[in-house]
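Coordinate inspection notes
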Amino acid sequence: MTAADNERYAGTLRATLTEQLVAQGSITDERVAAAFRVVPRHEFVPLVPLEVAYADDVVLMKRDDSGVAISSVSQPAVMAVMLEQADIRSGHRVLEIGSGGYNAALLSELVGPGGEVTTIDIDADVIDRARQGLAAAGYDNVRVVQADGEFGSPESAPYDRILVTVTAWDIASAWMDQLAEHGRIVVPLRLRGQTRSIALDRTTGGSLRSRSMALCGFVCMQGAGAGCERLVGMHQDQVSLRFDTDQEVVEPPEEVLKLPRVVVWSGVLVNREEPLSDLNLWLAASRPGYCILAAQRSAVKKGLVSAIPSWGTSATIADDTLTYLTSRRTADEEVVELGATSHGAAAAEHAESLAGEIRRWNHDYRQGPDPVLHVHPADTPATRLPPGFHLTRPHTHLTFTWP
Ligand SMILES: C[S@@+](CC[C@H](N)C(=O)[O-])C[C@H]1O[C@@H](n2cnc3c(N)ncnc32)[C@H](O)[C@@H]1O
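My aim in this report is to walk through the structure given alongside it, one point at a time. (Residues numbered from 1 in each chain as written. Predicted model: local features only at pLDDT ≥ 70, side-chain atom pairs only at ≥ 80, totals over all residues. Heavy atoms only, no water.)

On to empty space enclosed by the protein, then. Following the criterion strictly, the structure yields 3 cavities of 30 Å³ or more and no others. Each pocket or cavity is described by its volume, and for the largest cavity that value is around 310 Å³. What lines the largest cavity is a set of 29 residues, and nearest its centre among them are G98, S99, D121, T165 and V166. When contributions to the lining of the largest cavity are tallied by element, the ones reaching two or more residues are β2 (69-73), β3 (93-97), α5 (102-111) and β4 (116-121). Of the residues in the lining of the largest cavity, the class split is 14 nonpolar, 11 polar and 4 charged. Roughly 50 Å³ of internal volume is contained in the second largest cavity. Surrounding the second largest cavity, R192, G193, E229, R242, F243, D244, Q247, Y290, C291 and I292 form its lining. Mapped by element, the contributors of at least two residues to the lining of the second largest cavity are β11 (239-244) and β13 (290-295). (1 Å grid on protein atoms, 1.4 Å probe; cavity = no way out; pocket = protein on both sides within 12 Å on 5 of 7 lines; lining within 4 Å. Points joined across faces, edges and corners; volume = space filled by probe spheres on them. Helix = DSSP H or I, 4+ residues; strand = E, 2+ residues; numbered from the N terminus. Nonpolar A, V, L, I, M, F, W, Y, C, P; charged D, E, K, R; others polar.)

Time to look at the layout of surface pockets. Reported here for the largest pocket is a volume of approximately 930 Å³. Looking at the lining of the largest pocket, the elements that each hand over two or more residues are β8 (194-202), β12 (261-271), α8 (277-286), β15 (321-329) and β16 (335-344). Among the elements that make up the lining of the largest pocket, the one with the highest residue count is β15 (5 residues). Considering only residue class, the lining of the largest pocket consists of 13 nonpolar, 11 polar and 10 charged. Split by domain, the lining of the largest pocket shows at least three residues from each of two domains, domain 1 (41-49 + 58-225) and domain 2 (230-364). (Domains from an automatic or database assignment.)

Let's shift gears to the sheet that holds β15. Here 7 strands make up an open sheet; going across it, the order is β10-β11-β13-β14-β15-β16-β12 and the pairing antiparallel. In this open sheet, the two strands that pair with only one neighbour each are β10 (229-234) and β12. Put simply, the sheet's adjacent strands are angled 30° from each other on average, direction ignored. Contacts from helix α10 (residues 347-364) reach β12, β14 (313-318), β15 and β16, with the element oriented near 10° to β12. (Pairing = 2+ DSSP bridges. Axes fitted to C-alpha atoms, helices over the stretch in contact; angles between N-to-C directions. Contact = heavy atoms within 4.5 Å.)

Near the ligand there are 24 residues, and of these S71, D121, D148, G149 and Q222 occur at the shortest range. In the complex, 100% of the free accessible area of the ligand, which totals 610 Å², lies under the protein chains. Under a 2 Å grid-point criterion requiring more than half of the atoms, the pocket assigned to the ligand is the largest cavity. If you list the elements that add at least two residues to the shell around the ligand, you get β2 and α5. Counting residues per element, the shell around the ligand draws most heavily on β2, at 4 residues. Class assignment of the residues belonging to the shell around the ligand gives a composition of 11 nonpolar, 9 polar and 4 charged. (Near = heavy atom within 4 Å. Areas by Shrake-Rupley, 256 points an atom, 1.4 Å probe, with all protein chains shown as cover. Sits in = over half its atoms within 2 Å of the grid points.)

So, about unusual backbone geometry. In this structure, the amide linkage connecting A157 to the following residue, P158, adopts the cis form with an omega of 0°. You can see P158 is positioned in the loop between β5 (143-146) and β6 (159-164). Residues other than glycine seldom take positive phi values, yet H235 does so here, at roughly 50°. Position of H235 relative to the elements: it lies in the loop between β10 and β11. Classification of H235 as buried rests on a relative accessible area of 6%. (Buried < 20%, exposed > 50% of the residue type's maximum accessible area, 1.4 Å probe, protein only.)

Here the focus is the sheet that holds strand β7 (residues 179-191). The strand order across the open sheet formed by 10 strands is β5-β4-β3-β6-β7-β8-β9-β17-β19-β18, and the pairing between neighbours is mixed. One side of each edge strand has no neighbouring strand; the edge strands of this open sheet are β5 and β18 (389-392). Neighbouring strand axes in the sheet, compared pairwise and without regard to direction, differ in orientation by 20° on average. Of the strands in this sheet, β6, β7, β8 and β9 (208-215) touch helix α4 (residues 76-86), which is tilted by about 145° from β7. Of the strands in this sheet, β4 and β5 are in contact with helix α6 (residues 124-137), which crosses β5 at around 165°.

Take a look at the structure:
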């Protein structure tokens, strides 16, 4: 293949990918589609075949010494959804936190010649890669800076949009400080075992309020804003409970899963593939002692834990009792029934109560709008926070309310 044939083939693959993103609803805005049609993704992943560069998939670029993924070129569908959440306009000044070049090039297309894009990454290798890709693709107007995103990039502030493309645990104070008056932050926020890309608008009172959210997955933030989940191992670590750092870690009684099991079925039916993230967030908000229970396949095989998703399931640990969300097949193989499994001193009571909460979610919230996230600076007095589900992070108070 000549270089010209190669470019033509890349163009065809790019057009197909864009059509696919439009067909599946990841792109609804023609401006975003236009950007996807022109930015040559293959220039940012030069070592993979063109078919891989234009697949709707993440391209892993770097792992740390223990094998954990720390840098990637994100999945096009996720980027498209976030760009739409951001609603980038011509002339905007945009900061991207977590670089690689491809998304910065899309941003550059969207802001046009009158706008400005700054992209920052904590990793010098990523910065080199981003610079090379942007030069090869012809986007020499993007400002590429090596910096810890926790502190933003004050030199080019204020920004109309701040797009974070790495999993964050909090909304850093610097992002709020560097956001223009009518600005918007789009950030993949990690909360109780799930990551949601949340678009946050500044309110007149100086807080932020979400306008949309979508499930997503990203590599974890490094540097000053790095967060972590704390694990409590059980049954020789075949089973674990995960807690966020703002939660109190509750130790389960030893060998609790070997105690008699009580199961209560809720009567709530869901499609086997239906994401239960909204239910999980609701349970996180409403159940004391909330955590995520994850199990190795060996634990499921041995019957210690009933079948649960590979990432884990909602659980509570309270009153020396471990209770978790479970499901069983129905006559329709596409549909499962949700229920609660419990072991421990108050198993009957807790299983009944969790099943009741599943019914409540089903009745009151399942088909409803997304919850709303309110973000207030950490020094906001408690009396000024809206009532709802509160999480305290280093820079902010996060409050979820359900419309
Ligand atoms: C998913 S990649 C970003 C993908 C990119 N936006 C693209 O165009 O494909 C996430 C990046 O965030 C970077 N990162 C992690 N912690 C960071 C931090 N504190 N500040 C800036 N970048 C960070 C990683 O080095 C990694 O390159």
